[in-house]
Amino acid sequence: MADQVNAMPLATGDWAGGTFPYAVGHKKLGMWLFILSDSLTFSAMLVAYSYVRVATAAWPTPFHFFPSVVTATVMTLVLLSSSLTMVFAVAAAKHGDRRGAVRQLCFTMFFGLTFIVLHLNEWGVLIREGVRLWQNPWGVPLFGATFFTLTGLHMFHVATGVGYLAVVAVGFGRGRFTDEDVEVSGLYWHFVDLVWMFIFPLVYLLSVKG
Amino acid sequence: MVPEATHGHEEGRRLFVMVWLGLLALTAVEVVLAYVQMFSTEGMLLILMFLSLIKAGLIVGYFMHLRFEKTTLAWSLIPAVTLVIMLLFIFFPDAVRALQLRVPQP
């Protein structure tokens, strides 16, 4: 009690400023910090890919504009659209519209699954052309290594995101999760979209068959 | 602080649709540039990274809501990650050197 009384003038007086410097909840701040570290992981992989590309005299540019780049463009469109439905899901959750939020989350997951299917199909095209992790027809083994590692890590993030959104959709629909949980899952989803905005030009658009 | 609180639901919706359309337009520009192939690889890299950084800014600012958070959050997150990513670029002179040192294939 005495401690409280002594602490009072301090807590409410001179030193009361900046108690919540970011004005966000701990979940949101935690997700932002995770995104920060994850963005460094992807940056390191993109720099590694760019490094070996610069250091290789004849880096293969195997992507035909049709179908590979067109497919990748459709995948970009799908991912951007999933971000839009994710924004709608967060908005619906903030307005207490549980049914609407779950519906928009389902759209988002559908787009995410579409992205994975299109991407696996694209992988299939390359694998049928003979591209493997360690070898490929163009004699630059690092092409397959960097391509599959980079896009594979991203696809893993999309797949994880679909699972995450499914858990959030069920939990929010049943009232166990709050609108903040939907918002935090949205941060993750938009980040996965953001990463693709760099993989798409660096891996696909710069490797169109001349 | 949050846009939903300052203006109506429909207005917020329209803003996000506009951002989405902007992202699609930037993507279309990138794909058209890759189709016509009128620039060198280095020129394409510069243009594509410039456009992608704008897209990243739109996603972080609007979709991830950072523009509407307290500015301290952005100041704590963005400069640090930008600096560390730029430090990774220290490898590129070595990549060029590795290319020039390579023994030519017969």
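Residues numbered from 1 in each chain as written. Chains lettered and ligands numbered in written order. Predicted model: local features only at pLDDT ≥ 70, side-chain atom pairs only at ≥ 80, totals over all residues.

If you tally the helices and strands in chain A, you get 6 helices and 0 strands. The order of helices and strands in chain A, counted from the N terminus, is α-α-α-α-α-α. Computed over the C-alpha atoms, the radius of gyration of chain A is 22 Å, more than 25% above the 17 Å expected from 2.2 N^0.38 for a compact globule of 210 residues. Burial statistics for chain A: of 210 residues in total, 38% are counted as buried. (Helix = DSSP H or I, 4+ residues; strand = E, 2+ residues; numbered from the N terminus. Rg over C-alpha atoms; globule rule 2.2 N^0.38 Å. Buried ≥ 20, exposed ≤ 12 C-beta atoms within 10 Å, placed from the backbone.)

This part takes up the overall build of chain B. Scanning chain B from terminus to terminus reveals 5 helices and 0 strands. Going from the N terminus to the C terminus, chain B shows its helices and strands as α-α-α-α-α. For chain B, with 106 residues in total, the buried portion stands at 15%.

We now examine the environment of A:Val24. Relative to the assigned elements, A:Val24 resides in the loop between helix H1 (2-12) and helix H2 (26-54). Distance in space between the C-alpha atoms of A:Val24 and A:Ala55 is 44 Å, their sequence separation being 31 residues.

Here helix H3 (residues 65-94) of chain A contains 30 residues, and its C-alpha end-to-end distance of 42 Å stays within 8% of the 44 Å for a straight helix at 1.5 Å per residue. One or two steps after H3(A), the chain reaches A:Gly96, where phi turns positive at roughly 75°. (Expected span 1.5 Å × (residues − 1).)

Attention shifts here to the interface of chain A and chain B. Contacts between the two partners involve 38 residues from chain A and, on the opposite side, 41 residues from chain B. Of all the elements in the fold, those that place two or more residues in the side of chain A that touches chain B are H2, H3 and helix H6 (179-204) of chain A. It is H3(A) that provides the largest number of residues to the side of chain A that touches chain B, a total of 11 residues. Tallied by class, the residues present in the side of chain A that touches chain B amount to 28 nonpolar, 8 polar and 2 charged. (Contact = placed C-beta atoms within 7 Å. Nonpolar A, V, L, I, M, F, W, Y, C, P; charged D, E, K, R; others polar.)

Looking now at the environment of A:Leu194. Within the fold, A:Leu194 resides in helix H6. With 23 C-beta atoms packed within 10 Å, A:Leu194 lands in the buried category. Spatially, the C-alpha atom of A:Leu194 lies 9.3 Å from that of A:Leu79, the residues being 115 residues apart in sequence. Here A:Leu194 is in contact with B:Ala56, B:Ile59 and B:Val60, once residues within four sequence places are set aside.

This part is about the environment of B:Asp94. Residue and element names in this part refer to chain B. Along the chain, the position of Asp-94 falls in helix H5 (residues 92-101). The class for Asp-94 is exposed, based on 12 C-beta atoms found within 10 Å. C-alpha separation for the pair Asp-94 and Met-18, spaced 76 residues apart in sequence, amounts to 42 Å.

Grouped together as the largest cluster of nonpolar side chains are 63 residues, with contacts concentrated most on A:Ala89, A:Leu187, A:Val195 and A:Phe200. Put simply, the parts of the chain that give this core at least two residues each are H2, H3, helix H4 (98-128), helix H5 (141-173) and H6 of chain A together with helix H2 (9-36) and helix H3 (41-63) of chain B. No other element matches the 16 residues that H6(A) contributes to this core. Look past the residues within four positions of A:Val195 in its chain and what remains in contact with it is A:Phe42 and A:His154. (Core = buried A, V, L, I, M, F, W, Y, C linked by C-beta atoms within 7 Å.)

The next subject is the packing of H6(A) against H3(B). With their axes 9 Å apart at the nearest point, H6(A) and H3(B) run at an angle of 175° to one another. As far as their axial angle goes, H3(B) and H6(A) are roughly antiparallel. Residue-level contacts link A:His190, A:Asp193, A:Leu194, A:Met197, A:Phe198 and A:Pro201 of H6(A) to B:Leu48, B:Ser52, B:Lys55, B:Ala56, B:Ile59, B:Val60 and B:Phe63 of H3(B). Of the residues that constitute the contact of H6(A) with H3(B), the class distribution is 9 nonpolar, 2 polar and 2 charged. (Axes fitted to C-alpha atoms, helices over the stretch in contact; angles between N-to-C directions. Parallel < 35°, antiparallel > 145°, perpendicular 65-115°, else oblique.)

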